[in-house]
Amino acid sequence: MDQNDGQDYGILSVVFQLYADCNVHFKIPPTVFYPQPKVDSALIGLRFIGPNALRQRLCGVLPTNLRRVLNNAYQQRRKTVRNSLKKLALELCGGDKERAKALLDSPPLPLPKAVAKAREEGDEFALAQELPANWMTKRPEELTPGQFVELTRLFFGPAQEPDGEEVAMGPLGKKVWRKMKHGSN
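Only a predicted model underlies this, so the values are computations on that prediction, with no experimental measurement involved.

What counts, and where the lines are drawn
Residues numbered from 1 in each chain as written. Predicted model: local features only at pLDDT ≥ 70, side-chain atom pairs only at ≥ 80, totals over all residues. Heavy atoms only, no water. Core = buried A, V, L, I, M, F, W, Y, C linked by side-chain atoms within 4.5 Å. Buried < 20%, exposed > 50% of the residue type's maximum accessible area, 1.4 Å probe, protein only. Helix = DSSP H or I, 4+ residues; strand = E, 2+ residues; numbered from the N terminus. Contact = heavy atoms within 4.5 Å. Patch = residues over 30% accessible without salt bridge, like charges linked within 9 Å, V, L, I, M, F, W, Y side chains within 5 Å. Areas by Shrake-Rupley, 256 points an atom, 1.4 Å probe, with all protein chains shown as cover. Salt bridge = Lys/Arg side-chain N within 4 Å of Asp/Glu carboxyl O. Axes fitted to C-alpha atoms, helices over the stretch in contact; angles between N-to-C directions. Parallel < 35°, antiparallel > 145°, perpendicular 65-115°, else oblique. Nonpolar A, V, L, I, M, F, W, Y, C, P; charged D, E, K, R; others polar. Arc of directions from axis to C-beta. Polar contact = N/O pair within 3.5 Å; in protein donor to acceptor, adjacent residues only side chain to side chain. Left-handed = near helix turned anticlockwise from the far one by under 90°.

Trainee: Report on the nonpolar core, specifying residues and quantitative values.
Mentor: Buried together is how nonpolar side chains tend to be arranged in soluble globular proteins. Among the nonpolar cores identified, the biggest contains 36 residues, and Leu18, Leu85, Trp135, Phe148, Leu151 and Phe155 are the most heavily contacted of them. Sorting the residues of this core by element identifies helix 1 (11-19), helix 2 (51-58), helix 3 (63-75), helix 5 (86-92), helix 6 (97-105), helix 7 (113-120), helix 8 (124-127) and helix 9 (145-156) as the ones contributing at least two each. Not counting residues within four places of it along the chain, the set of residues in contact with phenylalanine 148 comprises Val14, Leu66, Val69, Leu70, Ala73, Tyr74, Pro140 and Leu143.

Below, the structure written as C-alpha cells:
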C-alpha cells in the first residue's frame, strides 16, 4: 500500500490500512502484460482485521465521523489539514468562528490507555498513531491512518454513553464507506 508521502495516498489507502493489515508481496513489471501499461503493478495482500481489533484501532471513534474528517481533508488535498477542515470545524462549533479557530489550533489529545499499551507491545499501527503537535500545518497525505483517527477524536471526541462513559465496544455501523449518492451521507 502507498506510504503516506505521495499523491496516490488517499482515502482508499487510509481506509484499507485501518481495516486490514496490508502487504506488498512483489512488484509486477509492465512487460508481463500485453499491451504494456504505462504503470507499475504489484500483488498486494489484505488480511482484514476482526471487529475487536478494529474497535481498538478506532479508539471509540465512530466510523461515520472518521469518514467526515477524511472526506473533508481529501476534498482539497493540496491544502493544509487546517484549511481543509475549517468548514467542518465551523459546522461542529455551530458557526462560532472563535470556537472553530480554537479547535483548529488545539494541541493533540493524549493517546488513550489502550493505544499506549499497544505501543509498549510494539504494535506497528499504534506506534504511528500519535498526532504531531503541528498537525494543522500538514497536508492529508502526510498523516498516517492512526493520526486520522486521533484527528477525528480531537474534532468529535470518542463516542460516549449517556452516563459519560467512553464507548469501547460500540457498533461499527454498516455501509459507512459506500459511495454517497446525490450528496447524502
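There is more to say after this.
Trainee: Hey, could you go over unusual backbone geometry for me, with residue numbers and the actual values?
Mentor: Of the consecutive residues tyrosine 34 and proline 35, the connecting peptide bond is found in the cis state with omega at -10°. Within the secondary structure layout, proline 35 lies in the loop between strand 1 (20-28) and strand 2 (41-48). For cysteine 59, which is not glycine, the phi torsion reads 50° and is therefore positive. Here cysteine 59 lies in the loop between helix 2 and helix 3. For cysteine 59, a relative accessible area of 9% translates into the label buried.

Trainee: Quick rundown of a nonpolar patch on the surface? Include the residues and the values.
Mentor: Taken together, the side chains of Val24, Ile44, Leu46 and Phe48 make up a nonpolar region of the molecular surface, amounting to roughly 340 Å² of accessible area. It is strand 2 that provides the largest number of residues to the nonpolar patch, a total of three residues. Relative to the elements of secondary structure, isoleucine 44 occurs in strand 2.

Trainee: Explain the packing of helix 1 against helix 9 residue by residue, including any values.
Mentor: Running from amino to carboxyl end, helix 1 crosses helix 9 at an angle of 90°, the nearest separation of the two axes being 9 Å. One element, helix 1, and the other, helix 9, form an angle in the roughly perpendicular class. Contact residues: Val14, Gln17 and Leu18 in helix 1; Pro145, Phe148 and Val149 in helix 9. Its residues assigned to classes, the contact of helix 1 with helix 9 shows five nonpolar, one polar and no charged.

Trainee: Explain helix 6 to me, and be specific about the residues and the numbers.
Mentor: All buried positions along helix 6 are accounted for by Ala100, Leu103 and Leu104. The buried residues of helix 6 occupy one face: seen down the axis, they fall within an arc of 95°. The secondary structure elements touched by the buried residues of helix 6 are helix 4 (81-84), helix 5 and helix 9. Here helix 6 starts with a cap whose side-chain oxygen sits 3.1 Å from the backbone nitrogen of glutamate 98, and that cap is aspartate 96.

Trainee: For the packing of helix 1 against helix 3, give the residues involved together with the corresponding values.
Mentor: With their axes 10 Å apart at the nearest point, helix 1 and helix 3 run at an angle of 150° to one another. Comparing the axis directions of helix 1 and helix 3 gives the class roughly antiparallel. Here helix 1 runs over helix 3; the crossing is right-handed. Contact residues: helix 1 offers Ile11, Val14, Val15, Leu18 and Tyr19, while helix 3 offers Pro63, Leu66, Leu70, Asn71 and Tyr74. Partitioning the contact of helix 1 with helix 3 into residue classes produces nine nonpolar, one polar and no charged.

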